[in-house]
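Structure assessment
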Amino acid sequence: MNMENQHQELVFSVILNVKTLLLRGGIKILKTSVLSVTVPEETVERLKANLKELDRYLGPYPFDMWNQWKDLTNKIDDSIVERCSPVCGFVRSALELVNFDDASRPRGTESRKRKRGAGLTVEEKEQELLPDLKPKPGTELRLSELPQKFYPDDATPAEITRHSLDTSYALDTLLNKLKDPMEIIGELQLSFVCFLAGQSLEAFEHWKGLVSLICKADSLIPSQRAVFSEFLNVLEIQLSHVPEEVLCDIVASNNFVYHNLRKLFANIESNTNVDDRLKSLAIRVRDRLTKKFLWDFKDLQEEDDDEAPVVVALD
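Numbers given to residues run from 1 along each chain, matching the order in which its sequence is written. With the structure being a predicted model, the display of local features is reserved for residues of pLDDT at least 70 and the display and counting of side-chain atom pairs for 80 or more, all residues being used for whole-chain, interface and lining totals. The side-chain values count all of the structure's non-hydrogen atoms but skip hydrogen atoms and water molecules.

**Considerations on the overall build of the protein chain**
Heads up, the condition is: Counting from the N terminus, the helices are DSSP H or I runs at least four residues long and the strands are E runs at least two residues long. Residue burial is assigned from relative accessible area. The probe radius is 1.4 Å, only protein chains are included, and a residue is buried under 20% of its type maximum, exposed over 50%, and partly exposed in between. Whether two residues are in contact is decided by their heavy atoms: any pair within 4.5 Å suffices. Here the Shrake-Rupley method, with its probe set to 1.4 Å, supplies the accessible areas, and only the displayed protein chains count as covering residues.
When you go through the protein chain residue by residue, the secondary structure sums to 14 helices and 4 strands. With 315 residues in all, the protein chain has 35% of them scored as buried. Sequence separation of at least 24 residues holds for 75% of the intrachain contacts in the protein chain that already meet a minimum separation of 6. Working note: accessible area of the protein chain is about 19000 Å², and carbon and sulfur atoms make up 53% of it.

Structure (structure tokens):
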């Protein structure tokens with residue numbers, strides 16, 4: 001790793017650890033810095049007394065970006081930073097991967113036995129030949145694990161179809177694991193700034209997963225109105241900081257944010273239990289995005305081709 005990358009990682013790590021230093025308009029007392037150096041109390045008091053003199057030395061925090069940074073991080077609190085930051089203290093643009101040793105490889109699981117019995121596809125055979133890599137312990141972001149399936153274990157075929165179209169069950173499962181449902185908005189912001197400032201692809205993929213999970217929920221909207229309201233506000237701000245081509249799904253050849261927002265706006269529009277304030281907010285956000293990106297949000301209730309009913313095969 002070259003010196004420039006090391007410097008960028010250190011600067012961004014400092015941003016993560018002392019973001020409240022500036023966002024709350026004062027000095028946050030930090031017992032240790034990124035380098036685990038004790039900060040004496042008298043030093044903190046001296047900095048408080050000389051805030052104006054300190055301003056000119058705050059290179060990573062230019063005042064012309066002050067409000068933008070606050071808008072991008074206003075839902076990130078200390079607990080979210082502590083819970084989600086890598087143990088090593090650095091957010092890396094490229095994860096440092098290590099290979100599984102032979103002893104730590106999973107063996108003899110039922111899923112593997114079934115696969116061997118049913119036969120592997122060409123892609124699965126190729127995957128088996130690749131080295132089994134994982135992030136070096138302590139270097140990965142500790143973000144919430146997104147649900148791998150959107151329905152309960154004992155779901156009927158009809159319920160599987162319903163939960164596949166409405167991710168409320170999966171989203172509610174994730175929210176119940178958090179101390180406060182609003183933490184998901186803070187995590188959305190954290191993953192976005194880790195991508196924006198830290199160039200972390202890992203964080204970007206997590207951000208995309210959260211956007212998709214929230215946008216496809218329907219029945220949960222009335223009971224988690226505050227989460228969806230903040231989501232609309234936060235996402236609109238985030239979209240102003242990335243070029244539209246970054247939002248394109250190369251495989252599907254479409255803008256994944258636009259397609260997910262169509263689903264969310266359609267759900268809010270058609271859900272009779274959603275209050276008028278949230279519906280009005282959705283309309284205002286929709287209109288501003290239409291004006292800014294020329295996105296077409298007309299005919300929201302018309303079914304897209306990829307939204308055709310899911311056929312569940314019975315074993």
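**Things to note about the packing of helix 13 (residues 256-270) against helix 14 (residues 276-293)**
Convention followed: To obtain an axis, a line is fitted to C-alpha atoms, over the contacting stretch when the element is a helix, and the angle between two such axes runs from 0 to 180 degrees between their N-to-C directions. Oblique is the label for every angle not falling under 35 degrees (roughly parallel), over 145 degrees (roughly antiparallel), or within 65 to 115 degrees (roughly perpendicular). Definitions for this section: a left-handed crossing has its near helix turned counterclockwise from the far helix by less than a right angle. A right-handed crossing has that turn clockwise.
Viewed as axis vectors pointing N to C, helix 13 and helix 14 meet at an angle of 150 degrees, and their least axial separation amounts to 10 Å. Compared by their axis directions, helix 13 and helix 14 come out roughly antiparallel. Once helix 13 is placed against helix 14, the crossing between them reads as left-handed. Of the residues in helix 14, those in contact with Leu261, Phe265, Ile268 and Glu269 of helix 13 are Leu278, Lys279, Ala282, Val285, Arg286 and Leu289.

**Some details on the environment of Arg92**
One can find Arg92 in the loop between helix 5 (78-84) and strand 1 (97-99). Given a relative accessible area of 16%, Arg92 falls into the buried group. Between the alpha carbons of Arg92 and Thr139 there is a distance of 7.7 Å; along the sequence they are 47 residues apart.

**Things to note about the packing of helix 10 (residues 183-196) against helix 12 (residues 225-239)**
Stated precisely, the cut-off is as follows: Each residue is assigned to one class: nonpolar for Ala, Val, Leu, Ile, Met, Phe, Trp, Tyr, Cys and Pro, charged for Asp, Glu, Lys and Arg, and polar for all the others, Gly among them.
As a packed pair, helix 10 and helix 12 sit with axes 10 Å apart at the nearest point and diverge in direction by 15 degrees. In terms of orientation, helix 10 and helix 12 fall into the roughly parallel class. By crossing handedness, the relation of helix 10 to helix 12 is classed as right-handed. Together, Ile184, Ile185, Leu188, Gln189 and Phe192 of helix 10 and Val227, Glu230, Phe231, Val234 and Gln238 of helix 12 make up the contact between the two elements. Class assignment for the residues of the contact of helix 10 with helix 12 results in 7 nonpolar, 2 polar and 1 charged.

**Overview of the nonpolar core**
Defined as follows: Residues enter a nonpolar core if they are buried and are Ala, Val, Leu, Ile, Met, Phe, Trp, Tyr or Cys, with the set joined through side-chain atoms within 4.5 Å.
Among the nonpolar cores identified, the biggest contains 60 residues, and Ile184, Trp207, Leu261 and Trp295 are the most heavily contacted of them. Not counting the four nearest positions on each side in its chain, Trp207 is found in contact with Leu188, Ser191, Phe192, Leu235, Gln238, Leu247, Phe256 and Val257.

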